[in-house]
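Overview (structure and organization)
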Amino acid sequence: METQQSKTKEGALAEAIMARCFHPSLIGPEAWEGYLFSDMEIRIKESTDLYGAVLWPSAMVLCHFLETSRDQHDLTDRNVIELGAGTGLVSIVSSLLGAKVTSTDLPDLLGNLQYNVTRNTKGRCKYIPLVTELTWGQGVEQRFPRATHRFDYILAADVVYAHPYLEELMDTFDYLCQENTQILWAMRFRLDRENSFVERFRQRFHLEELYDLPSLSIKLYRAWRRDVRTEDRLMCL
């Protein structure tokens, strides 16, 4: 049974995460929302006519974890790919933390994604992030051949919801996650479909719960492949 102390701790963490968002004090010609990560002000432009171009709280949860857990998950000089990058906040924060970032999403979202990534990383980052198309389950092997594309981290925020491409998403995770890859995945629970995806995900990956935030209906997971013998080493990272 959840104790009052744990509820208070969870509530304080959720409040701290959501406090990283701010709104402009003056209304200008372009609408944006602000976020504070890595000691930087990040301005994100959303596109309300496209579901994937709206920033959801799961992205903030993942960014908070990346910034506050650098002792365990230092992204400096690491190869990172984000699936379903949307507005780009996770890719931006990862870049600011020193990662070599590949930021991916559907073709219709790339314009706004590229705008946000460039706007917030130009002149600020060690590596220029790559924004590129990735449709889950389609041509992944051709776009990211394993011989030349080895990722230390796969990042994903709110990629599981009521869309018809959950199997393709699972296959994309499976293909990109190699022997030494770790997955950091923030997920908002809405329907039973999310729960069933997690159970099927467990069949292919070891899964560790890092955050449980009931007030936001969000959990954050770390995962790694079941079919490699690196579990003991990864658990020490």
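Everything quoted here is computed from the prediction, not taken from an experiment. Going along each chain's sequence as written, the residues are numbered from 1 onward. At least 70 in pLDDT is required for a residue's local features to be given in this predicted model, at least 80 for side-chain atom pairs to be given and counted, and no such filter applies to totals for whole chains, interfaces and linings, which use all residues. Side-chain figures throughout are based on the complete set of non-hydrogen atoms in the structure, without hydrogens or water.

**Structural notes on the overall build of the chain**
Numbering of helices and strands runs from the N terminus; a helix is a DSSP stretch of H or I covering at least four residues, while a strand is a stretch of E covering at least two. Tallying secondary structure elements over the chain gives 8 helices and 10 strands in all. The rule is simple: take the accessible area with a 1.4 Å probe, protein chains only, and divide by the maximum for that residue type; under 20% is buried, over 50% is exposed, in between is partly exposed. The buried share of the chain, taken over its 237 residues, is 49%. Contacts between residues were defined by any pair of non-hydrogen atoms, one from each residue, lying within 4.5 Å. Counting only contacts in the chain whose residues sit at least 6 apart along the sequence, the fraction spanning at least 24 positions is 66%. Each accessible area is a Shrake-Rupley result for a 1.4 Å probe, and residues are judged covered by the shown protein chains and nothing else. Split by element, the accessible area of the chain, about 12,000 Å² in all, is 49% carbon and sulfur.

**Quick notes on the packing of aromatic side chains**
In summary, the pairing rule links any two rings of Phe, Tyr or Trp, Trp by its six-membered ring, whose centres are within 6.5 Å, and it sorts them by plane angle into stacked for under 30 degrees, edge-to-face for over 60 and tilted for everything else. Inspection of every chain in the model, using the stated rule, returns 10 aromatic pairs. Ring centres of phenylalanine 65 and tyrosine 211 lie 5.7 Å apart, and the angle between their planes is 85°; this geometry places the pair in the edge-to-face category. Taken as a pair, phenylalanine 65 in helix α2 (residues 57-68) and tyrosine 211 in strand β9 (residues 205-213) lie far apart in primary sequence, 146 residues in all. Residues phenylalanine 65 and tyrosine 211 agree in their burial class; the two are buried. Connected via pairs of aromatic rings, a cluster forms that spans Phe173, Trp185, Phe197, Phe201, Phe205 and Tyr221. Here, over-ring charges are defined by two tests on the NZ atom of lysine or the CZ atom of arginine: distance to the ring centre within 6 Å, and angle to the ring normal within 35 degrees. The lysine or arginine in question, lysine 45, covers the ring of tyrosine 115, its NZ or CZ lying 5.3 Å from the ring centre. Lysine 219 extends its terminal NZ or CZ atom over the ring of phenylalanine 189, reaching a point 5.6 Å from the ring centre.

**Thoughts on the layout of surface pockets**
Computed over the protein atoms alone on a 1 Å grid, cavities are sets of points where a 1.4 Å probe fits but cannot get out and pockets are open sets with protein on both sides within 12 Å along at least five of seven lines; a residue lines them when it has an atom within 4 Å of a point. Grid points are joined across faces, edges and corners, and a volume is the space filled by probe spheres set on the points. There is about 160 Å³ of room inside the second largest pocket. Together, Ser6, Lys9, Glu10, Leu13, Glu209, Tyr211, Asp212 and Leu213 line the second largest pocket. Contributing elements (two or more residues each) for the lining of the second largest pocket: α1 (4-18) and β9. Of the residues assigned to the lining of the second largest pocket, the class counts are 3 nonpolar, 1 polar and 4 charged. Basically, the charged four are Asp, Glu, Lys and Arg, the nonpolar ten are Ala, Val, Leu, Ile, Met, Phe, Trp, Tyr, Cys and Pro, and anything else, Gly included, counts as polar.

**A closer look at the sheet that holds strand β2 (residues 33-37)**
With respect to topology, 3 strands assemble into an open sheet ordered β1-β2-β3, the strand pairing being antiparallel. Each edge of the sheet is formed by a strand with only one pairing partner; in this case those strands are β1 (21-22) and β3 (40-44). Sheet analysis places β1 next to β2, joined by 2 bridges and oriented antiparallel. Directly across from cysteine 21, in β2, lies its bridge partner tyrosine 35. What counts as an axis is a line fitted to C-alpha atoms, over the stretch in contact for a helix, and the angles between N-to-C directions run from 0 to 180 degrees. The sheet strands contacting α2 are β1 and β2, and the helix crosses β2 at an angle near 25°. One bridge is not enough; two strands pair if DSSP finds at least two bridges between them.

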